[in-house]
Structures are given as structure tokens and as C-alpha cells.
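What follows is each chain in one-letter form.
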Amino acid sequence: MRYRLTALFLVLALLLTACAAPASGSGKKQYQASFLTLFDTVTYISGLAESEEAFHAKAQQVHDALLVYHQLFDIYYEYEGLNNLKTVNDNAGVAPVKVDEKIIRLLQDCRTYYELTNHRVNVAMGSVLSLWHEARTAGLDDPAHAALPDTAALEEASLHTSWDAVVIDPEASTVYLSDPDMRLDVGAVAKGWSVQQVAKTAPQGLLISVGGNVCATGPKDENGTPWVVGIANPDGGSEYLHTLSVTDQAVVTSGDYQRYYMVDGKPYHHIIDPDTLYPAAYWRSVTIVCPDSGLADALSTALFLLSRDEGQALLDSCGAEAMWVDAEGNCYYSPGFQALIRT
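Before going into details, it helps to say that this report is about the structure given with it. (Residues numbered from 1 in each chain as written. Predicted model: local features only at pLDDT ≥ 70, side-chain atom pairs only at ≥ 80, totals over all residues. Heavy atoms only, no water.)

1. Structural notes on the packing of aromatic side chains
Piece 1. Under the definition given, this model contains 11 aromatic pairs.
Piece 2. Both rings, one in Tyr69 and one in Phe73, keep their centres 5.8 Å apart while their planes meet at 55 degrees; by these two values the pair is tilted. For the pair Tyr69 and Phe73, a shared accessibility class is recorded, and that class is buried.
Piece 3. Each ring, one from Tyr261 and one from Tyr268, has its centre 6.4 Å from the other, and the planes form 50 degrees; the classification is tilted.
Piece 4. Residue class for Tyr261 comes out buried when judged on its relative accessible area of 1%.
Piece 5. Put simply, the rings of Trp132, Tyr261, Tyr268 and Tyr278 pair up and form one aromatic cluster.
Piece 6. Stacked on the ring of Tyr69, the Lys or Arg Lys102 has its end atom at 5.9 Å from the ring centre. (Phe/Tyr/Trp six-rings, centres within 6.5 Å; stacked < 30°, edge-to-face > 60°. Buried < 20%, exposed > 50% of the residue type's maximum accessible area, 1.4 Å probe, protein only. Lys NZ or Arg CZ within 6 Å of the ring centre and 35° of its normal.)

Laid out in C-alpha cells, this is it:
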């Protein structure tokens with residue numbers, strides 16, 4: 001989960017109300033905290049509190065809980081005394097690795113997402129994604145020599161992406177990759193899934209955004225005031241495509257403008273189609289709204305890789321809503337999405 005930051009606002013510009021703004025009649029003010037230590041992206045936490053000290057205690061509680069998931073799901077760095085997904089990858093074809101039950105639960109859900117999305121969301125594609133990650137990192141570091149991954153290497157890597165090689169033993173709390181060339185990469189779901197787990201026990205009335213994976217832990221105040229979340233324009237600028245009113249839901253966007261690099265004047269983003277092994281070209285962005293942040297994260301990736309009709313069928317099976325933006329900037333909506341639109 002080692003990503004290059006291109007801007008502070010990566011997916012959704014949230015919090016359309018000012019920090020430390022007084023809440024009408026409550027005696028509380030709204031505060032915001034931001035962190036750069038989680039999932040290599042920007043985390044924002046906002047909520048009402050009687051004082052700045054009281055709010056920051058809540059925000060630190062959320063940060064510390066998310067940090068546990070950040071370290072467990074990291075595939076690039078080791079942490080002393082901790083077996084994480086890097087440890088699992090490093091032991092592919094060698095031996096099972098005893099892991100925290102949070103990793104077991106994540107991977108079990110990832111297997112469910114894999115089946116639910118007709119294999120579009122596949123965290124076992126790490127061998128393919130690593131080639132794109134290396135090419136993107138090199139291209140950003142040295143744009144004049146930016147290049148695409150070797151096609152033959154991508155095709156070879158794609159042979160090592162089968163879930164049959166992911167052996168999960170919940171009783172022993174171990175994970176084993178029986179294919180020595182397989183690698184896990186949970187970047188498509190880790191942020192949203194982690195936010196959902198933390199939101200379950202976080203104080204009520206917070207808005208949590210990790211890299212734009214936004215989750216409300218309830219309405220803003222005792223009066224049931226909804227949070228306002230803005231959906232960014234893929235073409236940039238300060239104007240939102242829409243603002244949404246949410247109280248206990250997650251809002252997650254996948255887009256081609258978040259992490260990309262240029263090769264011969266053409267942008268190549270990070271959402272890779274498992275069929276072509278190249279960045280998908282259906283949409284500029286897809287925004288999902290549903291009660292579960294982990295599912296929303298998986299769906300936003302899946303719908304980015306599907307036609308609108310295929311995506312709508314998947315939404316219908318999950319009880320979620322979506323907004324699509326195409327290459328020309330046209331917006332399309334699932335039947336229930338427009339009821340969520342504030343502006």
C-alpha cells in the first residue's frame with residue numbers, strides 16, 4: 001500500500017463545513033484532524049466536541065485503531081514483532097504464516113468479494129499489480145523514460161493469481177500461498193474494509209475519510225443532521241459534481257485521476273482489468289454509496305471494470321447505489337442514487 005500522493009484531496013473532497021464551526025444550539029464545535037501516517041494517503045476525521053482536546057482524543061483513538069490495520073495489511077514494509085501481508089508474501093511457497101485474525105477476516109471477505117464481483121476484484125493479483133507499481137514508480141521518478149510493463153511479464157504473472165493457491169486456516173490462524181510466485185495486494189479493499197472495522201467501535205457522530213474512503217459513524221449531531229460529502233470532478237477544479245447527504249453510510253470513489261503516470265503522452269492509471277492486464281477504460285470515476293465501507297470499496301473497483309448494465313446488476317444484488325462518470329464527463333445514476341443528492 002505504498003502510494004505516491006499527488007494531492008491532498010485524492011478522491012472525495014469532504015467536510016464542506018468549516019473546522020471549529022459552532023453547532024447550532026448544542027454548545028459544541030466541529031473540529032477536524034488530519035494524518036499522513038495511514039495507508040500512505042491522507043486521513044481526515046471530523047466531528048463535534050465540547051473542546052478541541054476532547055475531539056482530538058476521539059480522533060487519536062480512530063487513528064490508532066486504523067494504524068493497526070495499516071501495518072497488518074502492508075505489503076512493502078516489515079514491523080518488528082509483527083507478521084503482516086508482506087510476511088505472507090515473503091513466505092509464498094515456503095511455509096504457512098501465523099497471522100492476526102484481522103488478516104484472516106479480511107482475506108475471507110476478499111474471497112467473498114472475488115466471487116461476488118465475478119473475479120473482477122482479486123487481491124491475489126499482486127504479481128501483476130507489482131509490475132504496474134514498479135513501472136508507475138519509475139515513470140513518476142523519471143518521466144522522460146517512463147515505460148509500460150513488459151507484456152510477456154504481465155502474462156506470466158497472470159498465471160499466478162488463482163485463489164486456489166491461497167490457503168487460509170482459521171483454526172490455526174495461518175495463511176499460506178502455495179504458489180511461490182503468487183503475491184497478495186489488498187489495495188483495492190484494504191482502506192474501506194479497515195475503516196468499516198474501526199467505525200463499528202468508533203464514537204458516534206464522526207466522519208472518517210481515508211484517502212477519500214468516507215464513512216459516517218452516525219449523524220453529525222443529536223438532531224440527526226446529515227454529513228455533507230462532495231464528489232470530486234475527475235477533471236479537477238474546486239467544483240464538486242454533486243454533494244451528498246449521509247448519516248450512517250459509506251461513500252467510496254474509484255477513478256482514473258487518482259494514481260497514474262504518463263507514457264508517450266498517455267495516462268495509465270492504477271485500476272487494472274484482470275482480463276486485459278491493462279488499465280480499464282470504461283469510466284473516469286465510479287462512486288458507491290452503501291452502509292458497508294469495505295463492500296463499497298470492492299464495488300467501486302468492480303464497477304470501474306464493468307459496463308453500466310453489468311454494474312447495475314451487481315449493485316442490485318448488494319443493495320448499493322452508484323454514480324458513473326464517463327470519458328466525456330457525462331454522469332449516470334443507479335435508480336436510488338439521486339435521492340441522496342443534496343446539490
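2. Focus on the sheet that holds strand β5 (residues 166–169)
Piece 1. Ordered in space as β4-β6-β5, the three strands form an open sheet in which the pairing is antiparallel. Pairing within the sheet leaves two strands with one partner each, and these edge strands are β4 (97–98) and β5.
Piece 2. Strand contacts of helix α3 (residues 101–116): β5 and β6 (174–177), with the helix running at about 130 degrees to β5, the strand carrying the most contacts. (Pairing = 2+ DSSP bridges. Helix = DSSP H or I, 4+ residues; strand = E, 2+ residues; numbered from the N terminus. Contact = heavy atoms within 4.5 Å. Axes fitted to C-alpha atoms, helices over the stretch in contact; angles between N-to-C directions.)

3. What about the nonpolar core?
Piece 1. Counting 72 residues, the largest nonpolar core has Phe73, Val186, Val189 and Ile288 as its most contacted members.
Piece 2. In this view, Val189 contacts Leu106, Cys110, Tyr113, Val121, Val123, Asp297 and Ala298; residues no more than four positions away in its chain are not counted.
Piece 3. Counting residues in each nonpolar core, the second largest holds 15 residues, with Val246, Val251, Val325 and Phe337 among its members. (Core = buried A, V, L, I, M, F, W, Y, C linked by side-chain atoms within 4.5 Å.)

4. Comments concerning the environment of Glu134
Piece 1. Position of Glu134 relative to the elements: it lies in helix α4 (residues 126–141).
Piece 2. Remark: the alpha-carbon pair of Glu134 and Leu148, spanning 14 residues in sequence, is separated by 9.7 Å.

5. Describing the side chain of Thr253
Piece 1. For Thr253, the location among the structural elements is in strand β11 (residues 250–255).
Piece 2. At 2.7 Å, the side chain of Thr253 forms a polar contact with the side chain of Thr287. (Polar contact = N/O pair within 3.5 Å; in protein donor to acceptor, adjacent residues only side chain to side chain.)

6. Structural notes on the packing of helix α7 (residues 293–304) against helix α8 (residues 308–318)
For any two helices packed against each other, one specifies the crossing angle of their axes together with the interaxial distance.
Piece 1. Closest axis-to-axis distance for the α7/α8 pair is 10 Å, and the angle between their directions is 165 degrees. Accordingly, the angle class assigned to the pair α7 and α8 is roughly antiparallel. Crossing of α7 over α8 shows right-handed handedness. On α8, the residues that touch Leu295, Leu299, Ala302 and Leu303 of α7 are Gly311, Leu314, Leu315 and Cys318. (Parallel < 35°, antiparallel > 145°, perpendicular 65-115°, else oblique. Left-handed = near helix turned anticlockwise from the far one by under 90°.)

7. Some remarks on the pairing of strand β9 (residues 227–232)
Piece 1. The element β9 is largely enclosed, with a buried count of six among its six residues.
Piece 2. The two faces of β9 match: Trp227, Val229 and Ile231 on one face and Val228, Gly230 and Ala232 on the other face are all buried.
Piece 3. Pairing between β9 and strand β10 (residues 240–246): six bridges, direction antiparallel. Across the sheet, residue Val229 finds its bridge partner in β10, namely Leu244.

8. Quick notes on the pattern of salt bridges
As a working rule, side chains carrying opposite charge can pair if their charged atoms are close by.
Piece 1. Under the criterion given, the structure shown has nine salt bridges.
Piece 2. The partner of Lys86 in a salt bridge is Asp90, and the shortest N-O contact between them spans 2.7 Å. With a gap of four residues between them, Lys86 and Asp90 both fall in helix α2 (residues 85–90), about one helical turn apart.
Piece 3. You can call Asp90 partly exposed: its relative accessible area is 45%.
Piece 4. One salt bridge in this structure joins Asp100 and Lys102, with 3.7 Å as the shortest N-O distance.
Piece 5. Looking at Asp100, the relative accessible area reads 29%, which means it is partly exposed.
Piece 6. It is possible to trace a salt-bridge network through shared partners that takes in Lys28, Glu50 and Glu222. (Salt bridge = Lys/Arg side-chain N within 4 Å of Asp/Glu carboxyl O.)

9. What about α7?
Piece 1. Between its first and last C-alpha, α7 extends 17 Å over 12 residues, near the 16 Å set by a 1.5 Å rise per residue.
Piece 2. Among the 12 residues that make up α7, 12 are buried, leaving the element largely enclosed by the rest of the structure.
Piece 3. If you check which residues of α7 are buried, you get Ser293, Gly294, Leu295, Ala296, Asp297, Ala298, Leu299, Ser300, Thr301, Ala302, Leu303 and Phe304.
Piece 4. The N-terminus of α7 is capped by Asp292, whose side-chain oxygen sits 2.8 Å from the backbone nitrogen of Gly294. (Expected span 1.5 Å × (residues − 1).)

10. Notes on the environment of Thr43
Piece 1. Residue placement: Thr43 occurs in strand β3 (residues 41–49).
Piece 2. On a C-alpha basis, the gap between Thr43 and Gly265 in space is 31 Å, while along the polypeptide they are 222 residues apart.
Piece 3. The contact partners of Thr43, leaving out residues within four places of it in the chain, are Ala33, Ser34, Phe35, Leu38, Ser209 and Val210.

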